[in-house]
Amino acid sequence: MLGELILKTIIIVVVVNTVLAFGGFLTWVERKQSAVMQDRIGANRASILGLRLWGLFHILSDGIKMFAKEEFIPRTDHRKLFLVAPFIAWFFALMGFAVIPFSNTLHVAGYELSLQIANPQIGILFAFAMMGMTIYGLVLGGWASNNNYALLGAMRGAAQMISYEIALAAAVVGPLIVYHTLNMQEIVLWQAKLWGGWLPLWGIVVQPLAFFLFITAGAAGTKRVPFDLPEGESEIIGFNLEYSSMRFGAFMFTDFVEKILVSCLAVTVFLGGWQVPFLTENGFVFRGETLLALSPLVIWLIQPAAFFLKVCVVIYVLMLVRWTLPRFRYDQLMHLGWKIMLPLAFANIVITGFVLLVLKA
Amino acid sequence: MHSYLPILLAIIVTALIVGAVLGLSALIGPKPEITKEKERPFECGYIPFQEPGKRFPVHYYAVAILFIVFDIEIIFLYPWVASFEAVGKTGFFAAIFFILILTFGLVYEWLRGGLEWH
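Residues numbered from 1 in each chain as written. Chains lettered and ligands numbered in written order. Predicted model: local features only at pLDDT ≥ 70, side-chain atom pairs only at ≥ 80, totals over all residues.

Novice: I'd like to hear about unusual backbone geometry, residue by residue, with values.
Specialist: Residues other than glycine predominantly adopt negative phi, and peptide bonds predominantly adopt the trans conformation. Residue and element names in this part refer to chain A. With a phi angle near 55°, Trp 54 is a residue other than glycine that sits in the positive phi range. In this structure, Trp 54 sits in the loop between helix 1 (2-37) and helix 2 (58-68). You can call Trp 54 exposed: it has 12 C-beta atoms within 10 Å. One non-glycine residue, His 180, lies in the positive phi region at around 60°. Examined against the element boundaries, His 180 turns out to sit in the loop between helix 5 (148-179) and helix 6 (184-190). Among the residues examined, His 180 registers 16 C-beta atoms within 10 Å and is labelled partly exposed. (Helix = DSSP H or I, 4+ residues; strand = E, 2+ residues; numbered from the N terminus. Buried ≥ 20, exposed ≤ 12 C-beta atoms within 10 Å, placed from the backbone.)

Below is the structure:
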């Protein structure tokens, strides 16, 4: 019991710190990619002893800067709410990772070794609940700032995020009908199937429409451009207007953590999670022929690497979209969410259920 | 091991890490004197003529109401999804009926112009 608790604690610390480190890395990636796409040089000034490393030290210098800044608290009636709002947003965004399966379960010496913090039966609902809670951080932050612009930004943000949360949750129902389960590990295990012996039956193959709905709603739910109306960094000013130092950093970081969370969910539900095509528990097998035999430990190490690679691909696509499209107008945003994505998601649910019933009969 | 115990553990560890980062920042940042000018809400240099918290038109109200209805609908769909095999045809038609009723609500709201933005 104690051994298991210690093991779990280690996994939790590793997962949380990996996500934070990856989030910090993404702040640099985002600047660098925008620079590349706009034919600029981009962040490359920070250096240690003349060593620049394409500006990788900007991550470090940004962090130090955030810590070294004055923490300004405006005159407000809701001082405690103002202080706790960034904590709420950041904490719940990180808690979403508690149910993401990063690898298969490995049985070693009586222990069940799995790079997953917890595996409850309601897995995916838990992740959505945590994502939904981050909205509180945004609304409370805007409300407690005692500033008209912050309040309006928070209202915009709340309306946008709850609208797209519905589309997000509805888009996932389609694939879940196919998998018959809400358990994250079982969702991934289902996707090991091969269609016709060669095509991996990942969620994106079974439910292509749901995948596009999910990615779009996910981009909106994490406040990315073209859906960045809650923040509107340069012109319309958002909910985090009165924040400074690391509390502002917490809101900014929440964006990146949520982006990783949405990518992880998309990978788990639609891109096969930690599955590698043709990699079974004995190694690479194609049409009954063993091409390459591997030990269970090696396979268990390949799986998180595959997961990480898929997450990187999804984030890359999200970033391409972010730097390609201009921002939506607010009525266009609501139009897309309520009048296009929601009916499409419902149609997808009905058609999927009908097809499955017919196939079974 | 109970499947929810690790979540409790994760809550503690994550809260500690996030709290430590925010607390450290509050501890080591400079703390200059706060003047009256600095305390004023930031509105790009203009002097604000209205404090927030007063009445102001909220068009987002209708969206919030719609959200509650549809969020509950989708939450009710999840148990159906998990037991799709067990409830079979009856469950499917019950779910369709349920979705249809709420879709009528959406269509009504749509036709009444509740989803338009002015």
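Novice: Quick rundown of the interface of chain B and chain A? Include the residues and the values.
Specialist: Between chain B and chain A, the contact holds 54 residues from the first and 61 residues from the second. The set of elements that each furnish at least two residues to the side of chain B that touches chain A consists of helix 1 (5-28), helix 3 (60-82) and helix 4 (84-111) of chain B. Of the residues in the side of chain B that touches chain A, the class split is 41 nonpolar, seven polar and six charged. (Contact = placed C-beta atoms within 7 Å. Nonpolar A, V, L, I, M, F, W, Y, C, P; charged D, E, K, R; others polar.)

Novice: Can you break down the sheet that holds strand 7 (residues 289-293) of chain A residue by residue, with the values?
Specialist: Residue and element names in this part refer to chain A. Here we have three strands laid out as an open sheet, ordered 5-6-7, and antiparallel in their pairing. Strands at the two margins of the open sheet, each flanked by one partner only, are strand 5 (279-280) and strand 7. When strand 6 (residues 283-286) meets strand 7, the two strands line up antiparallel, connected through four bridges. Residue pairing across strands places Phe 284 opposite Leu 292, the latter belonging to strand 7. (Pairing = 2+ DSSP bridges.)

Novice: So, helix 8 (residues 208-221) of chain A: which residues are in play, and what are the values?
Specialist: Residues and elements named next belong to chain A. Taking 1.5 Å of rise per residue, the 14 residues of helix 8 would be expected to cover 20 Å, and the 20 Å separating its terminal C-alpha atoms lies within 8% of that figure. The buried fraction of helix 8 amounts to 11 of the 14 residues, a majority that puts the element mostly inside the structure. Listing the buried residues of helix 8 in full gives Ala 210, Phe 211, Leu 213, Phe 214, Ile 215, Thr 216, Ala 217, Gly 218, Ala 219, Ala 220 and Gly 221. Tucked into the core, helix 8 has its buried residues touching helix 4 (123-144), helix 5, helix 7 (203-206), helix 9 (245-270), helix 10 (296-324) and helix 11 (330-360). In the segment just after helix 8, Lys 223 is the residue with positive phi, at about 60°. (Expected span 1.5 Å × (residues − 1).)

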